[in-house]
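# Fold and geometry: a report
Okay, here's what each chain looks like letter by letter:
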Amino acid sequence: MKLKKSTKKDYRWPSDVAIVIIGVLFKLLSNMVTIGPNWPVFVIAFILYIPMLYAVSSEHDLWSRKFAILRVLVLTFALMSSMVDLVYSLFFGMPSASELFQSAGLLWAANVLIFAIWYWEIDRGGPIRRNSKNPGKPEFGFPQMMSSLPEWEGWKPNFLDYLFVAFNTSVAFSPADTAVFSRRAKLLMMTQSVISLVALVVLAERAINIV
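Numbering of residues begins from 1 in every chain and follows the order in which that chain's sequence is written. Owing to the predicted nature of the model, reporting of local features is limited to residues with pLDDT of at least 70; listing and counting of side-chain atom pairs is limited to 80 or more, with chain, interface and lining totals taken over all residues. Hydrogens are left out, water is left out, and the side-chain values use all remaining heavy atoms of the structure.

### Overview of the pattern of salt bridges
Here, a salt bridge means any side-chain nitrogen of Lys or Arg that lies within 4 Å of a carboxyl oxygen of Asp or Glu. Taken as a whole and assessed by the stated rule, the structure comprises 2 salt bridges. With a shortest N-O distance of 2.9 Å, Asp16 and Arg71 are connected by a salt bridge. Taken as a pair, Asp16 in helix 1 (residues 13-27) and Arg71 in helix 3 (residues 61-92) lie far apart in primary sequence, 55 residues in all. The same class applies to Asp16 as to Arg71, namely buried. Two residues, Arg184 and Glu139, come together in a salt bridge whose shortest N-O distance is 2.6 Å. In this pair, Arg184 sits in helix 7 (residues 183-210) while Glu139 sits in the loop between helix 5 (127-130) and strand 1 (140-141), placing the two residues 45 residues apart along the sequence. The secondary structure listing takes helices from DSSP runs of H or I that are at least 4 residues long and strands from runs of E that are at least 2 residues long, numbered from the N terminus. A 1.4 Å probe rolled over the protein chains alone gives each residue an accessible area, and that area as a share of the maximum for its type sets the label: buried under 20%, exposed over 50%, partly exposed in between.

### Some thoughts on a nonpolar patch on the surface
Each patch is built from residues that are more than 30% exposed by relative accessible area and take part in no salt bridge. Like charges join if they lie within 9 Å; nonpolar side chains (Val, Leu, Ile, Met, Phe, Trp, Tyr) join within 5 Å. Where accessible areas are quoted, they stem from the Shrake-Rupley method and a 1.4 Å probe; at the residue level, only the protein chains shown are allowed to cover. There is a patch of nonpolar side chains on the surface, built from Trp39, Val43, Phe46, Ile47 and Ile50 and spanning about 550 Å² of accessible area. As for its position among the elements, Ile47 is in helix 2 (residues 39-57).

### Let's talk about the packing of helix 1 against helix 3
Inter-axis angles, ranging from 0 to 180 degrees, are taken between N-to-C directions of lines fitted to C-alpha atoms, where helices are fitted over the stretch in contact. Closest axis-to-axis distance for the helix 1/helix 3 pair is 12 Å, and the angle between their directions is 25 degrees. Taken together, the axes of helix 1 and helix 3 are roughly parallel relative to one another. For the pair helix 1 and helix 3, the sense of crossing is left-handed. Touching Ser15, Asp16, Ile19, Ile22 and Phe26 of helix 1 are Arg71, Leu75, Ala78, Leu79 and Ser82, all from helix 3. Residues are grouped as follows: nonpolar covers Ala, Val, Leu, Ile, Met, Phe, Trp, Tyr, Cys and Pro; charged covers Asp, Glu, Lys and Arg; every other residue, Gly included, is treated as polar. For the contact of helix 1 with helix 3, the class distribution of residues is 6 nonpolar, 2 polar and 2 charged. Should an angle fall under 35 degrees it is taken as roughly parallel, and over 145 as roughly antiparallel, whereas 65 to 115 is taken as roughly perpendicular and any remaining angle as oblique. For any helix crossing, the convention is left-handed if the near helix is rotated counterclockwise from the far helix by under a right angle, and right-handed if that rotation is clockwise. The criterion used for residue contact is that any of the two residues' heavy atoms lie within 4.5 Å.

### A word on the packing of aromatic side chains
By convention, a stacked pair of Phe, Tyr or Trp rings (six-membered ring in the case of Trp) has centres within 6.5 Å and planes under 30 degrees apart, an edge-to-face pair has planes over 60 apart, and any other such pair is tilted. The full count for this structure, using the stated rule, is 10 aromatic pairs. With centroids separated by 5.9 Å and ring planes inclined at 85 degrees, the aromatic side chains of Trp108 and Phe167 adopt a geometry described as edge-to-face. Taken together, the positions of Trp108 in helix 4 (residues 97-122) and Phe167 in helix 6 (residues 159-171) put the pair 59 residues apart, joining distant regions of the chain. Under the relative-accessibility criterion, Trp108 is labelled buried at 17%. Taking relative accessible area as the criterion, Phe167 reaches 42% and is therefore assigned partly exposed. Where Phe115 meets Tyr119, the ring centres are 6.4 Å apart and the plane angle is 45 degrees; that geometry is what we call tilted. In this pair, Phe115 and Tyr119 both sit in helix 4, 4 residues apart, roughly one turn of the helix. Here Phe115 falls in the buried class, since its relative accessible area comes to 0%. The exposure class of Tyr119 is buried, given its relative accessible area of 0%.

### Here's the deal with the nonpolar core
Throughout this description, the term nonpolar core refers to a set of buried Ala, Val, Leu, Ile, Met, Phe, Trp, Tyr and Cys residues connected via side-chain atoms within 4.5 Å. Of all hydrophobic cores here, the largest spans 47 residues; its most connected members are Phe26, Leu79, Tyr119 and Phe140. Counting residues per element, the ones that place at least two in this core are helix 1, helix 2, helix 3, helix 4, helix 6 and helix 7. Examining the composition of this core, we find that 16 residues originate from one element, helix 4, more than from any other. Look past the residues within four positions of Leu79 in its chain and what remains in contact with it is Phe26, Leu107, Ala110, Asn111, Ile114, Phe115 and Ile195.

### Details of the packing of helix 3 against helix 4
Put simply, helix 3 and helix 4 touch, their axes get as near as 10 Å, and they point 155 degrees apart. By the angle between their axes, helix 3 is roughly antiparallel relative to helix 4. As helix 3 runs across helix 4, the sense of the crossing is left-handed. When the residues that make up the contact of helix 3 with helix 4 are grouped by side-chain class, the tally is 18 nonpolar, 5 polar and 2 charged.

This is the structure in structure tokens:
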């Protein structure tokens, strides 16, 4: 799909910033709870960024979205792999309590950011199409979109709104005031909740042992 000139602006920079922060979080993970280095994952993410950027500049939303989703898939795989390593280390490894506590907290934060990117990418066809004159089908129903007040007419969500949904999903295991319409969005939220629950269980277990 090719967008019109009026929608050429690159709306993807918030997710790029989030990925940089995710990279920092993974860099801070203890070697005791990871198998091998984390840098190959982010090399792959950077390599995928190059064709995605070209597709954005060429106004090919379909291809830019494919590369963006592939990039977040790679990060999700890295997150889930690290969570498996974390649980393994909890029962069979020999990391210190502080290392497990820190790693669980870092992975919990990465979980919030990664799924915020997921929600950002899937809702209404992604950030570029969402800001065009032909947005896709909504995956989420934000309260501002359903408001009859004139102040919210024409309102569109930005990355912070999806980050808010992801944060609530990791803390309260629910999207709070946001309606979830599609099955794939529900599946993503269930996955995020499970990962968050595992991280919180590890945090609680270490906190009890420290006390």
